[in-house]
Amino acid sequence: MARAIQLSVDNVRMGGGPFGAVVVKDGSIIGEGANQVSTLNDPTAHAEMLAIRRACLKLGAFDLEGCEIYSSCEPCPMCLGAIYWARLSCVYFANTAADAAAIGFDDVFIYRELEQPFERRKIPMVQIMRDQAAEGFRAWKDKPDKVSY
């Protein structure tokens, strides 16, 4: 956790956001990241996302089961989703989502949006071409050598 916190502090000094994260396997850091949303102009460049990407690259795998993530702050909805997809075994965090909201990083609206029906969300979500898109799902279902995840 000390490394994740140090990454967050250093990142603020270098012009980034106050978030750091590390992925650990068997007591060793295998991926780390600091928030680079504004420096990379990438809204997905959160500390946890970068740490997960780097850990996966290092292991050559998309599954981080048996690894833990240490984050300087409670993960946002996007990062939490990635943590579940990566199958990390445990999440340790320091600051809370409420602490982040108090300094201008408030994710409550995303949680509220997820609870809304599609037609009531702030960003319109319109389903189109479902029948055509089903072809990709059929191809996946019938593929004998697929890599399940």
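A brief look at the structure comes next.

Cut-offs and rules
Residues numbered from 1 in each chain as written. Predicted model: local features only at pLDDT ≥ 70, side-chain atom pairs only at ≥ 80, totals over all residues. Heavy atoms only, no water. Salt bridge = Lys/Arg side-chain N within 4 Å of Asp/Glu carboxyl O. 1 Å grid on protein atoms, 1.4 Å probe; cavity = no way out; pocket = protein on both sides within 12 Å on 5 of 7 lines; lining within 4 Å. Points joined across faces, edges and corners; volume = space filled by probe spheres on them. Nonpolar A, V, L, I, M, F, W, Y, C, P; charged D, E, K, R; others polar. Phe/Tyr/Trp six-rings, centres within 6.5 Å; stacked < 30°, edge-to-face > 60°. Helix = DSSP H or I, 4+ residues; strand = E, 2+ residues; numbered from the N terminus. Buried < 20%, exposed > 50% of the residue type's maximum accessible area, 1.4 Å probe, protein only. Pairing = 2+ DSSP bridges. Right-handed = clockwise from strand over helix to strand, strands pointing away. Axes fitted to C-alpha atoms, helices over the stretch in contact; angles between N-to-C directions. Contact = heavy atoms within 4.5 Å. Expected span 1.5 Å × (residues − 1).

Comments concerning the pattern of salt bridges
Per the stated rule, a full pass over the model turns up 3 salt bridges. Between Lys143 and Asp145 there is a salt bridge; the shortest N-O distance is 3.0 Å.

Focus on the layout of surface pockets
Using a probe with the size of a water molecule, rolled over the atoms, empty space left in the structure can be pinpointed. In this structure, the largest pocket encloses a volume near 400 Å³. Along the walls of the largest pocket sit 24 residues, with Phe19, His46, Cys76, Phe105 and Asp107 positioned nearest its centre. The class makeup of the residues in the lining of the largest pocket is 15 nonpolar, 5 polar and 4 charged. When its volume is computed, the second largest pocket comes out at roughly 250 Å³. Every residue along the wall of the second largest pocket is listed here: Phe109, Ile110, Glu113, Leu114, Arg121, Lys122, Ile123 and Met125. Tallied by class, residues from the lining of the second largest pocket come to 5 nonpolar, no polar and 3 charged.

Details of the packing of aromatic side chains
As enumerated under the stated definition, the model contains 4 aromatic pairs in all. Measuring from centroid to centroid gives 4.6 Å for Tyr70 and Tyr92, while their planes differ by 10°, and the two rings are stacked. Pair noted here: Tyr70 is in strand 3 (residues 67-73) and Tyr92 is in strand 4 (residues 90-95), with a separation of 22 residues, a long-range link. Overall, Tyr92 belongs to the partly exposed group, its relative accessible area being 34%. An aromatic cluster of at least three residues, connected via ring pairs, comprises Phe62, Trp140 and Tyr149.

Topic: the pairing of strand 3
Most of strand 3 is tucked away: 6 of the 7 residues are buried. Judged from the 5 bridges that link them, strand 1 (residues 20-25) and strand 3 form a sheet pairing that is antiparallel. Among the inter-strand pairings, Lys25 is bridged to a residue of strand 3, identified as Cys67. Handedness of the crossover joining strand 3 and strand 4 through helix 4 (residues 77-86) is recorded here as right-handed.

Description of the sheet that holds strand 2 (residues 28-34)
Strands sit in the order 2-1-3-4 across an open sheet of 4 strands; the sheet is mixed. At either margin of the open sheet sits one strand with a lone partner, and together these are strand 2 and strand 4. In this sheet, neighbouring strand axes are inclined to one another by 15° on average, regardless of whether the strands run parallel or antiparallel. Of the strands in this sheet, strand 1, strand 2 and strand 3 are in contact with helix 3 (residues 47-59), which crosses strand 2 at around 140°.

A closer look at the pairing of strand 4
Across 5 bridges, the pairing between strand 3 and strand 4 is parallel. From the neighbouring strand, Glu68 faces strand 4, where its bridge partner is Cys90.

Considering helix 3
Between the first and last C-alpha of helix 3 there are 18 Å, a value that for 13 residues agrees with the 18 Å anticipated at 1.5 Å per step. Looking at helix 3, one finds that the buried residues are Ala47, Glu48, Met49, Leu50, Ala51, Ile52, Ala55 and Cys56. Of the surrounding elements, those touching the buried residues of helix 3 are strand 1, strand 2, strand 3 and helix 4. Phi for Gly60, located one or two positions after helix 3, is positive at around 65°.

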